[in-house]
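Summary of the model geometry
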Amino acid sequence: MKRKLVFATNNAHKLEEISSILGEKVELLSLKDINCHADIPETADTLEGNAIQKAEYIYENYGLDCFADDTGLEVEALDGAPGVLSARYAGNGHNSEANMQKLLQNMQGIHNRKAQFRTAICLILDGKMHVFEGIVKGELTKEKRGTSGFGYDPIFIPEGHSKTFAEMSHETKNKISHRARAVEKLCRFLKA
Ligand code: IMP
């Protein structure tokens, strides 16, 4: 029998990507599929905390096996900022352009441009919690390059590459991304 698993998102792209990795044994449900239209709180001060908060919300309110994710860009010279505040670094409104400009400004004159994207996934399965992490290390450019992707992609070059995430195809980025690495760990666990 197929195992039902809720992914606490309505992002169709994320759902499709993870569903194809998980294969036929898992029926992946979105928030819409379980009739959850709430604005699930994300008020923790760590990525793990937010992923746990979202997964617990689903488990407590719907009693279903589920998982949730949270991602941030962590810059070494800024002590890990913007981190958990990545989506609203330049203020509420999820404005990627403003977020990147603020970050580039805060990095002016700083030579250490090391940064990493980090994704935390919290899975609650049969009432037990499991946390997975995916990291991609790299560095920040001094100006934006490329137009694909989203968020901070135009100013991040992953280690071992010369292109920013925004200059890569979706396929290439999705093979090496922080999210892909965290999802791989989740899938390996579910398949085991
Ligand atoms: P979320 O947890 O996936 O919603 O990500 C939070 C924020 O981190 C987003 O609003 C983006 O600003 C940033 N972010 C997450 N993943 C990526 C990525 O793959 N590339 C660039 N920025 C990202």
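Residues numbered from 1 in each chain as written. Predicted model: local features only at pLDDT ≥ 70, side-chain atom pairs only at ≥ 80, totals over all residues. Heavy atoms only, no water.

Details of the site of the ligand
Residues in contact with the ligand amount to 13 residues; listed here are only the nearest, Asp-70, Thr-71, Asp-153, Lys-173 and Arg-179. The contact in question runs from an oxygen atom of the ligand to an N or O atom on the side chain of Asp-70, over 3.0 Å. A distance of 2.7 Å separates an oxygen atom of the ligand from a polar atom in the side chain of Lys-173. Here the ligand is seated within the largest pocket. Going through the elements one at a time, β3 (66-75) and α5 (178-191) are the ones with two or more residues in the shell around the ligand. For the shell around the ligand, the class distribution of residues is four nonpolar, four polar and five charged. (Near = heavy atom within 4 Å. Polar contact = N/O pair within 3.5 Å; in protein donor to acceptor, adjacent residues only side chain to side chain. 1 Å grid on protein atoms, 1.4 Å probe; cavity = no way out; pocket = protein on both sides within 12 Å on 5 of 7 lines; lining within 4 Å. Sits in = over half its atoms within 2 Å of the grid points. Helix = DSSP H or I, 4+ residues; strand = E, 2+ residues; numbered from the N terminus. Nonpolar A, V, L, I, M, F, W, Y, C, P; charged D, E, K, R; others polar.)

Quick word on helix α1 (residues 12-22)
Listing the buried residues of α1 in full gives Lys-14, Leu-15, Glu-17, Ile-18 and Leu-22. Residues of α1 that are buried in the fold lie against β1 (3-7), β2 (26-29), β3, α4 (170-176) and α5. Capping the start of α1, Asn-11 holds a side-chain oxygen 3.0 Å from the backbone nitrogen of His-13, two or three residues further along. Gly-23 sits one or two positions beyond α1 and adopts a positive phi of about 80 degrees. (Buried < 20%, exposed > 50% of the residue type's maximum accessible area, 1.4 Å probe, protein only. Contact = heavy atoms within 4.5 Å.)

Remarks on the pairing of strand β5 (residues 128-140)
Bridge count between strand β4 (residues 114-125) and β5: 12 bridges; the pairing is antiparallel. Counterpart to Ala-115 in the pairing with β5 is Gly-138. The hairpin turn running from β4 into β5, its antiparallel successor, is two residues long, and Asp-126 in that turn takes a positive phi close to 50 degrees. Strand direction decides the pairing type here: β5 and strand β6 (residues 156-158), joined by three bridges, are antiparallel. Pairing of Glu-139 across the sheet is with Ile-157, part of β6. (Pairing = 2+ DSSP bridges.)

Topic: the environment of Ser-86
Locating Ser-86 in the fold gives a position in the loop between β3 and α3 (96-106). Spatially, the C-alpha atoms of Ser-86 and Asn-99 are 7.7 Å apart, while their sequence positions differ by 13 residues. In contact with Ser-86, other than residues within four places in its own chain, are Gly-72, Leu-73, Asn-99 and Tyr-152. Polar side-chain contacts of Ser-86 include one of 2.6 Å to the backbone oxygen of Gly-83.

Here we look at the environment of Gln-53
Tracing the sequence through the fold places Gln-53 in helix α2 (residues 47-62). Between the C-alpha atom of Gln-53 and that of Ser-169, which follows or precedes it by 116 residues, the distance is 32 Å.

With respect to the layout of surface pockets
Empty space within the largest pocket amounts to approximately 1,200 Å³. If you go around the largest pocket, you meet 39 residues; those closest to its centre are Lys-14, Glu-42, Asp-70, Ala-87 and His-94. Tallying contributions element by element places β3 first for the lining of the largest pocket, with five residues. The class makeup of the residues in the lining of the largest pocket is 12 nonpolar, 16 polar and 11 charged. Lining the second largest pocket are 14 residues; nearest its centre among them are Lys-114, Ala-115, Lys-137, Gly-138 and Glu-159. Contributing elements (two or more residues each) for the lining of the second largest pocket: β3, β4, β5 and β6. The class makeup of the residues in the lining of the second largest pocket is four nonpolar, four polar and six charged. (Points joined across faces, edges and corners; volume = space filled by probe spheres on them.)

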